[in-house]
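Below are the chains, spelled out letter by letter.
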Amino acid sequence: MMEHMTMTDLGDRGADRTLFFIFGATGDLARRKLFPAFYSLYREGKLSERFAVIGLARRPRTNEQFREDVSVSIREFARYKAEEDEQWEKFASHFHYMSLDINKPEAFGQLKELADRLDDSYDIGGNRLFYLALAPELFGSVSFNLRDGGLLDSPGWHRLVIEKPFGYDLPSAEKLNEQIRQVFQEDEVYRIDHYLGKEMVQNIEVVRFANAFFEPLWNNKHIANIQITLSETVGVEERGGYYDHAGALRDMGQNHMLQMITMMAMEPPSRMEPEDIRDEKVKVLRSLRVFRDAEEVRDNVVRGQYAAGEHKGKPLPAYRSEEGVPADSVTETYFAARVFVDNFRWAGVPFYIRTGKRLPVKTTEVVVEFKNMPENVYFSRKTKLEPNLLVFRVNPTEGIYLKMNAKRPGSEWGIVPIAMDFCQSCEVGINTPEAYERLLYDAARGDSTYFTRWDEVALAWKFVDRIEQAWREQHVDLHPYPAGSWGPEAAQALLARDGFKWWPVNGQHEGEVVWATPVAGK
Ligand code: BG6
């Protein structure tokens, strides 16, 4: 069994015996992410034979049909190739299906009967994990029905795993939370932010806290700025209805991007325990400088919406022509912001964040730009020195890139930028686990480190709500950008004003350096 070493490593303790309830079992998330995650965990020995999955959705399906759905999804999306052999048969036999109308409380009585039966036959001990791959409006009523239907009366533990979006703003999130908390305790609620399940996002804390040459420099004396880019090439796909109601700030900013800021900015936790780590993240969110008025929002946040454009020669429609999007929509498909963490470590260091749909590449990267050497010292008088960069490559390549200056061989004083490039995904290849594997596994063994706690969610909404309010009430500009471009010009100006620029992402650094170490594994 291969364990991943992280600060919160629970040693050899694997997933407990678990009865998984997947609400929304015929949906996209289950198909693309959850079933493949079960399969990887099973193949790696992280699920014992004492587990069962009940797939729940309204559509009628037999167990056999459901197992066929699971098989199709695994063949299409899983990291491991499924062999239709004895091991496959054994795996598939853990999957059961029940058609359920979640609005009918009496149906939960039947679900309890099925659950009790499976509990006995797999000797699960009453441990139950309820995964709601559903619209958030349903979280409250499903929780009540689980309780009233007697599903929480079993002897083991009970956990609720929920997907984003957790509300639409702070008041709606509070309402949702209040409903859930009538049934589940905070430590039973696992709120998914799948970015926290990504290997390289988890690696940020390890690289920071396990390396003598980073931690001492990790502050405003040595770091000039931090840049976080989450770019996507896709448009809104079939989700126009949802997306137009949300927009980029709610869809990516409130959760994934603010979570990445916390990982970059948090203090070392006092213990490697989930609550201690989450306490440190909350402190970062509490230190975010909240924009006071529309003027400050205008100065620090750029919002954009894609117009018609092209990608690799292929014409792309404007956002307003997408299905489910009103022709006069003012929803942002892009935003960039200059964010400050007002504490002793980070005072004065801008965190620049940007995300958008229909950008030229799909990538997630964090660039740390270090302060340059003083201009009047010997070397920099002769050559214009480039700043040192440390880059966490999260997606699609996973790796760490370090750019520094060195002597050009054979020259007298020639200084050139060189790079060290560690490509983890080239090296580890198929063994790099998907975010959902890690998260499902953690939820089943009760490790909540990489799930968001209520106070994190609330503080993130507080920060985002202020921006949304200014956009709504003060008609802050919405900049159009051609689909397939890097977003509005104004996002460049946001950094240029401070004397910085967005660094190229997605391996495009190579063009800037004279030598790079060969990429491992290539
Ligand atoms: C989701 C957003 O949370 O993250 C989507 O709702 C977005 O709009 C997705 O496409 C991106 O995730 P990833 O893992 O592909 O970067």
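Definitions and limits used
Residues numbered from 1 in each chain as written. Predicted model: local features only at pLDDT ≥ 70, side-chain atom pairs only at ≥ 80, totals over all residues. Heavy atoms only, no water. UniProt positions renumbered as here; feature names shortened; annotations may be inferred. Helix = DSSP H or I, 4+ residues; strand = E, 2+ residues; numbered from the N terminus. Buried < 20%, exposed > 50% of the residue type's maximum accessible area, 1.4 Å probe, protein only. Contact = heavy atoms within 4.5 Å. Polar contact = N/O pair within 3.5 Å; in protein donor to acceptor, adjacent residues only side chain to side chain. Pairing = 2+ DSSP bridges. pLDDT = per-residue confidence, 0-100. Phe/Tyr/Trp six-rings, centres within 6.5 Å; stacked < 30°, edge-to-face > 60°. Lys NZ or Arg CZ within 6 Å of the ring centre and 35° of its normal. Salt bridge = Lys/Arg side-chain N within 4 Å of Asp/Glu carboxyl O. Near = heavy atom within 4 Å. Areas by Shrake-Rupley, 256 points an atom, 1.4 Å probe, with all protein chains shown as cover. Nonpolar A, V, L, I, M, F, W, Y, C, P; charged D, E, K, R; others polar. Patch = residues over 30% accessible without salt bridge, like charges linked within 9 Å, V, L, I, M, F, W, Y side chains within 5 Å. Lys, Arg positive; Asp, Glu negative; His and termini not counted. Charge placed at Lys NZ, Arg CZ, Asp CG, Glu CD.

Regarding the UniProt feature "binding site: NADP(+)" (unreviewed entry) in the protein
Phase 1: Here the UniProt feature "binding site: NADP(+)" (unreviewed entry) sits at Gly24, Ala25, Thr26, Gly27, Asp28, Leu29, Ala30, Arg31, Arg58, Asp101, Ile102 and Lys164.
Phase 2: Within the secondary structure, glycine 27 sits in the loop between strand S1 (18–23) and helix H1 (28–43).
Phase 3: Note on glycine 27: relative accessible area 26%, which makes it partly exposed.
Phase 4: Within the secondary structure layout, lysine 164 lies in the loop between strand S5 (158–162) and helix H6 (170–181).
Phase 5: For lysine 164, a relative accessible area of 23% corresponds to the partly exposed category.
Phase 6: Once residues lying within four places of it in the same chain are set aside, the contact partners of lysine 164 are Ile192, Tyr242, Asp251, Asn255 and His256.
Phase 7: In terms of polar contacts, lysine 164 uses its side chain to reach the side chain of aspartate 251, at 3.2 Å.

Comments concerning the sheet that holds S1
Phase 1: What the seven strands build is an open sheet, ordered S3-S2-S1-S4-S5-S6-S17; its pairing is mixed. Edge positions in the open sheet fall to strand S3 (95–99) and strand S17 (451–452), since each of these has one partner strand only.
Phase 2: With three bridges connecting them, S5 and strand S6 (residues 189–192) associate as parallel partners. Residue pairing for S6: valine 161 is matched across the bridge by tyrosine 190.

Some words on the confidence of the model for the protein
Phase 1: Confidence in the prediction of the protein, expressed as mean pLDDT, is 91, and 93% of residues score 70 or more.
Phase 2: Throughout residues 1–12 the model reports pLDDT below 50, and contacts reaching past four residues in sequence, or to other chains, amount to 33 contacts.

Some thoughts on the packing of aromatic side chains
Phase 1: Under the definition given, this model contains 28 aromatic pairs.
Phase 2: Taken together, a centroid distance of 4.8 Å and an interplanar angle of 85 degrees make the contact between phenylalanine 20 and phenylalanine 38 edge-to-face. With phenylalanine 20 in strand S1 and phenylalanine 38 in helix H1, the pair connects residues that are 18 residues apart, well separated along the chain.
Phase 3: Using a relative accessible area of 1% as the deciding quantity, one classes phenylalanine 20 as buried.
Phase 4: In this structure an aromatic cluster arises from ring pairing among Phe20, Phe35, Phe38, Tyr39, Tyr42, Phe51, Phe66, Trp88, Phe91, Phe95 and Tyr97.
Phase 5: Cation over ring: lysine 46 sits above tyrosine 441, and NZ or CZ is 5.3 Å from the ring centre.
Phase 6: Its end group placed over the ring of tryptophan 157, arginine 159 keeps NZ or CZ at 3.5 Å from the ring centre.

Details of the pattern of salt bridges
Phase 1: All chains considered together, the criterion is met by 42 salt bridges.
Phase 2: With a closest N to O distance of 3.9 Å, aspartate 101 and lysine 104 form a salt bridge.
Phase 3: Residue aspartate 101 is classed as buried on the basis of its relative accessible area, which comes to 18%.
Phase 4: A residue is classified by how much of its surface remains accessible, and lysine 104, at 42% relative accessible area, is partly exposed.
Phase 5: Each of the salt bridges in this network shares a partner with another, and the network as a whole consists of Glu275, Arg278, Asp279, Arg453 and Asp455.

Considering the site of the ligand
Phase 1: With respect to spatial proximity, the complete set of residues near the ligand consists of Lys164, His194, Tyr195, Lys198, Glu232, Arg239, Asp251, Met252, His256, Lys357 and Lys362.
Phase 2: Take aspartate 251: an N or O atom from its side chain is 2.6 Å from an oxygen atom of the ligand.
Phase 3: Within the complex, 80% of the 400 Å² of free accessible area of the ligand lies under protein.
Phase 4: Tallied by class, residues from the shell around the ligand come to two nonpolar, two polar and seven charged.

Let's talk about the environment of aspartate 69
Phase 1: For aspartate 69, the location among the structural elements is in helix H2 (residues 63–77).
Phase 2: A distance of 2.6 Å separates a polar atom in the side chain of aspartate 69 from a polar atom in the side chain of arginine 61.

Let's talk about the pairing of strand S14 (residues 389–395)
Phase 1: Across the seven residues that make up S14, a large majority, six, are buried.
Phase 2: When strand S13 (residues 363–370) meets S14, the two strands line up antiparallel, connected through six bridges. Across the sheet, residue valine 368 finds its bridge partner in S14, namely leucine 390.
Phase 3: Summarising the sheet, S14 and strand S15 (residues 399–407) pair through five bridges and their orientation is antiparallel. Each residue of the ladder has a partner; that of phenylalanine 392, found in S15, is isoleucine 400.

What about a negative patch on the surface?
Phase 1: On the surface, a cluster of negative charge is contributed by Glu83, Asp85, Glu86 and Glu89.
Phase 2: Looking at where aspartate 85 falls in the secondary structure, it is placed in the loop between H2 and helix H3 (86–92).
Phase 3: Overall, aspartate 85 belongs to the partly exposed group, its relative accessible area being 34%.

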